[in-house]
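Architecture and fold: a report
Now for the letters of each chain:
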Amino acid sequence: MKYDIAIIGGGPVGNYLATLLARHYRVAVIESKSSFGEKACTGIIGAESYNGLNLPREAIINRLRGAVFYSKTQRFEIKRKEPQAYMVDRKILERRLAEKAVRRGAEYYLNTRFLGFRNGKAILQRFNERFEVNADFYVGADGVNSKVAQEIGAKTNAEFLSGYEVEIVGEFERLDFVELWINKELNDEFFFWIAPMNESLARVGTFGRFDALFRFIKARMLKETNVVEFKAGSVALGIRKPWIKGNVALVGDAALQIKPLTAGGIAYGMHCAYALACSLINGRPWEYEKLCKDIKREISFGLKARKLFKNLNQEQIEKLFEILSSKDAIEVIEDTAEFDKHAKTIKALIKHPKLLAKILKVTPMIIRYLL
Ligand SMILES: Cc1cc2nc3c(=O)[nH]c(=O)nc-3n(C[C@H](O)[C@H](O)[C@H](O)COP(=O)(O)OP(=O)(O)OC[C@H]3O[C@@H](n4cnc5c(N)ncnc54)[C@H](O)[C@@H]3O)c2cc1C
């Protein structure tokens, strides 16, 4: 079988890329699973990205216009008039994108695992059958433990984290707000989130240790026995290099195009997929990484901010909450916050002379990491 482009991995990013390329090229998508959207994922995507990328409206299950931040003893909230993020059903999102790609001519191989390259061809396995696909260009969109990345010798020193998420029955009155809890005594690796799907159902999750999630569920007065779905997955926060080598490129989680502060990867992966599609269509694939420079910058900044977060103790977090819940800070955050761009808001906070003076008293390390 001969294709112009073979995409390994039919997750959200691979399928989105297939919709962009299938109009121009003969495209194959190789996916090891037999259906879409089984992955652990809260499915929160910035509204600006979602609209800009023209993603399917029918996948949206909730619209979020604010966040309530909790520490062990304090809380503050950030809100906007319009929705800032959407919560999506991953199965519908991935499936609609795959359907669109197929209508545009892409050919899908489900239940088919990529095993490696041999003589420029992709070796695939479907049940007991092994076969080859030959393409002029290959894309690894095969997730965080990418086999394609391994095959091209891409290197990383990323921090790999396990993520745990439940859907739980409870009472969630503020449907358009997500709750973010930072309590290092319960989990020193990451925050906890509660994202409501409707008044009586929410997705609750964290990264780090599995038992931390259940300790949080108890502390938040939710009932462990009200869990109706449990999923686990992994992310990796860091840099994987290179994103392109010869006629093979990596995109999405395979390239670790993941926001280091929230571990969200769908929007960055799709923005980079768009950049990759443009560079291929223009016949200049080597420009792919350059076209992603804004996202690369966000990731590098986010990694530094994550280092700072990991070095803070709960006492420092409580002091930072006092600063962040002040009128000055809320104003800065509400003026600058963009769901998929964290650097802008953090930089605005530390450029505010009054706030910077206070933050420096809590953590002088901010100079080393962020200034
Ligand atoms: C608990 C949790 C919550 C999350 N919440 C969010 C969130 O709210 N918002 C957000 O943006 N991100 C979130 N993420 C991250 C998000 O899930 C990923 O960033 C996103 O799935 C990346 O999409 P992708 O298409 O690059 O990779 P994947 O979704 O991993 O898709 C890769 C595909 O490749 C296939 N594959 C793998 N290996 C092979 C092979 N050898 N051969 C063939 N096929 C193969 C897999 O079956 C899979 O379908 C969360 C992650 C976790 C773990």
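Given the structure is predicted, the values throughout are model-derived calculations rather than measurements. (Residues numbered from 1 in each chain as written. Predicted model: local features only at pLDDT ≥ 70, side-chain atom pairs only at ≥ 80, totals over all residues. Heavy atoms only, no water.)

1. As for the nonpolar core
In terms of nonpolar packing, the biggest core is built from 68 residues, with I7, L17, Y50, L93, V251, M270 and Y288 touching the most fellow members. With 10 residues, the top contributor of residues to this core is helix 6 (residues 266-281). Apart from residues lying up to four places away in sequence, Y50 is in contact with I45, L55, P56, R57, A59, I60, Y86, V88 and L93. Core analysis: the second largest hydrophobic core is formed by 49 residues, F191, L256, I346 and I359 among them. (Core = buried A, V, L, I, M, F, W, Y, C linked by side-chain atoms within 4.5 Å. Buried < 20%, exposed > 50% of the residue type's maximum accessible area, 1.4 Å probe, protein only. Helix = DSSP H or I, 4+ residues; strand = E, 2+ residues; numbered from the N terminus. Contact = heavy atoms within 4.5 Å.)

2. Re helix 6
Spanning 16 residues, helix 6 covers 22 Å between terminal C-alpha atoms, matching the ideal 22 Å at 1.5 Å per step. Along helix 6, 12 of the 16 residues are buried, which leaves the element largely enclosed by surrounding structure. One or two positions beyond helix 6, positive phi appears at G283, with a value near 70°. (Expected span 1.5 Å × (residues − 1).)

3. Here we look at the packing of helix 11 (residues 342-351) against helix 12 (residues 353-362)
One way to put it is that helix 11 packs onto helix 12 with a least axis distance of 5 Å and a crossing angle of 90°. With respect to their mutual orientation, helix 11 and helix 12 come out roughly perpendicular. Residues L349, I350 and K351 of helix 11 lie in contact with helix 12, whose contacting residues are P353, L355, L356 and I359. Partitioning the contact of helix 11 with helix 12 into residue classes produces six nonpolar, no polar and one charged. (Axes fitted to C-alpha atoms, helices over the stretch in contact; angles between N-to-C directions. Parallel < 35°, antiparallel > 145°, perpendicular 65-115°, else oblique. Nonpolar A, V, L, I, M, F, W, Y, C, P; charged D, E, K, R; others polar.)

4. Section: the domain arrangement of the chain
Assigned domains within the chain: domain 1 (2-64 + 83-158 + 238-299), domain 2 (159-236) and domain 3 (300-370). Facing the nine residues of domain 2 at the interface are nine residues of domain 3. For the pairing of domain 2 and domain 3, the buried interface totals around 730 Å² over both sides, and the portion due to carbon and sulfur atoms is 52%. Among the residues domain 2 hides against domain 3, the three largest losses belong to E159, I182 and K184. Together they make up 69% of the total. Run the count over domain 2 and domain 3 and you get two salt bridges. Linking R306 and E159 is a salt bridge whose minimum nitrogen-to-oxygen distance equals 2.8 Å. Seen at the junction of domain 2 and domain 3, the total is eight residue pairs in polar contact (both at pLDDT 80 or more). Its residues placed into classes, the side of domain 2 that touches domain 3 shows three nonpolar, one polar and five charged. (Domains from an automatic or database assignment. Buried area = accessible area lost by both parts, 1.4 Å probe. Salt bridge = Lys/Arg side-chain N within 4 Å of Asp/Glu carboxyl O. Polar contact = N/O pair within 3.5 Å; in protein donor to acceptor, adjacent residues only side chain to side chain.)

5. As for the UniProt feature "domain: FAD-binding" (unreviewed entry) in the chain
Cross-referencing UniProt, the feature "domain: FAD-binding" (unreviewed entry) maps to residues 3-183 in the present numbering. Helix and strand shares over residues 3-183 are 19% and 43% respectively, and the end C-alpha atoms of the span are 50 Å apart. (UniProt positions renumbered as here; feature names shortened; annotations may be inferred.)

6. Some details on the sheet that holds strand 17 (residues 227-237)
Taking strand neighbours across the sheet as the criterion, the seven strands line up as 6-5-14-15-16-13-17 in an open arrangement whose pairing is mixed. Sheet topology places strand 6 (75-79) and strand 17 at the edges, where each strand pairs with a single neighbour. Direction aside, the axes of adjacent strands within the sheet are offset by 20° on average. Of the strand pairs in this sheet, strand 14 (residues 177-181) and strand 15 (residues 192-198) are connected by three bridges, and their pairing is antiparallel. Residue pairing for strand 15: L180 is matched across the bridge by W193. Lying over the sheet, helix 5 (residues 210-219) contacts strand 13 (159-169), strand 14, strand 15, strand 16 (201-207) and strand 17, oriented at roughly 35° with respect to strand 13. (Pairing = 2+ DSSP bridges.)

7. Thoughts on the packing of helix 6 against helix 8 (residues 293-311)
Close contact between helix 6 and helix 8 brings their axes to 10 Å; oriented N to C, the two are set at 150°. Between helix 6 and helix 8, the interaxial angle falls into the category roughly antiparallel. Of the two elements, helix 6 crosses helix 8, and the hand of that crossing is left-handed. Between helix 6, through Y268, H271 and C272, and helix 8, the contact on the second element is made entirely by I295, E298 and I299. (Left-handed = near helix turned anticlockwise from the far one by under 90°.)

8. Topic: the side chain of N62
By secondary structure assignment, the location of N62 is in strand 4 (residues 60-64). Looking at N62, the relative accessible area reads 10%, which means it is buried. Within polar-contact distance, the side chain of N62 engages the backbone oxygen of P196 at 2.8 Å.

9. Digging into the packing of aromatic side chains
Describing an aromatic ring pair means giving the distance of the ring centres and the angle of the ring planes. Within this structure, the stated rule accounts for 21 aromatic pairs. Measuring from centroid to centroid gives 5.6 Å for W181 and F216, while their planes differ by 65°, and the two rings are edge-to-face. Here the residue W181 occupies a position in strand 14, and F216 occupies one in helix 5, the gap between them amounting to 35 residues. Overall, the relative accessible area of 2% leaves F216 in the buried class. Following the ring pairs from residue to residue traces out a cluster consisting of Y70, W181, F192 and F216. Of note, R26 hangs over the ring of Y3, and the distance from its end group to the ring centre comes to 4.6 Å. Across the ring face of F309, the terminal group of K184 is positioned such that the distance to the ring centre comes to 4.4 Å. (Phe/Tyr/Trp six-rings, centres within 6.5 Å; stacked < 30°, edge-to-face > 60°. Lys NZ or Arg CZ within 6 Å of the ring centre and 35° of its normal.)

10. Looking at the state of the cysteines
One pass over the structure, following the stated rule, counts zero disulfides. C272 takes part in no disulfide bond, and the closest cysteine sulfur, belonging to C292, lies 3.4 Å away. (Disulfide = S-S within 2.5 Å.)

11. Overview of the site of the ligand
If you check the shell around the ligand, you find 31 residues, and the closest are E31, I44, R90, F114 and D253. Between an oxygen atom of the ligand and a main-chain N or O atom of V13, the distance comes to 3.0 Å. Residue I44 places a main-chain N or O atom 2.9 Å away from a nitrogen atom belonging to the ligand. Protein chains shield 92% of the accessible area of the ligand, which is 1,000 Å² for the free molecule. Ranked by the residues each element gives to the shell around the ligand, the list is headed by strand 9 (residues 112-118), at three residues. Grouping the constituent residues of the shell around the ligand by class yields 12 nonpolar, 12 polar and seven charged. Taken together, domain 1 (2-64 + 83-158 + 238-299) and domain 2 (159-236) each give at least three residues to the shell around the ligand, which thus spans both. (Near = heavy atom within 4 Å. Areas by Shrake-Rupley, 256 points an atom, 1.4 Å probe, with all protein chains shown as cover.)

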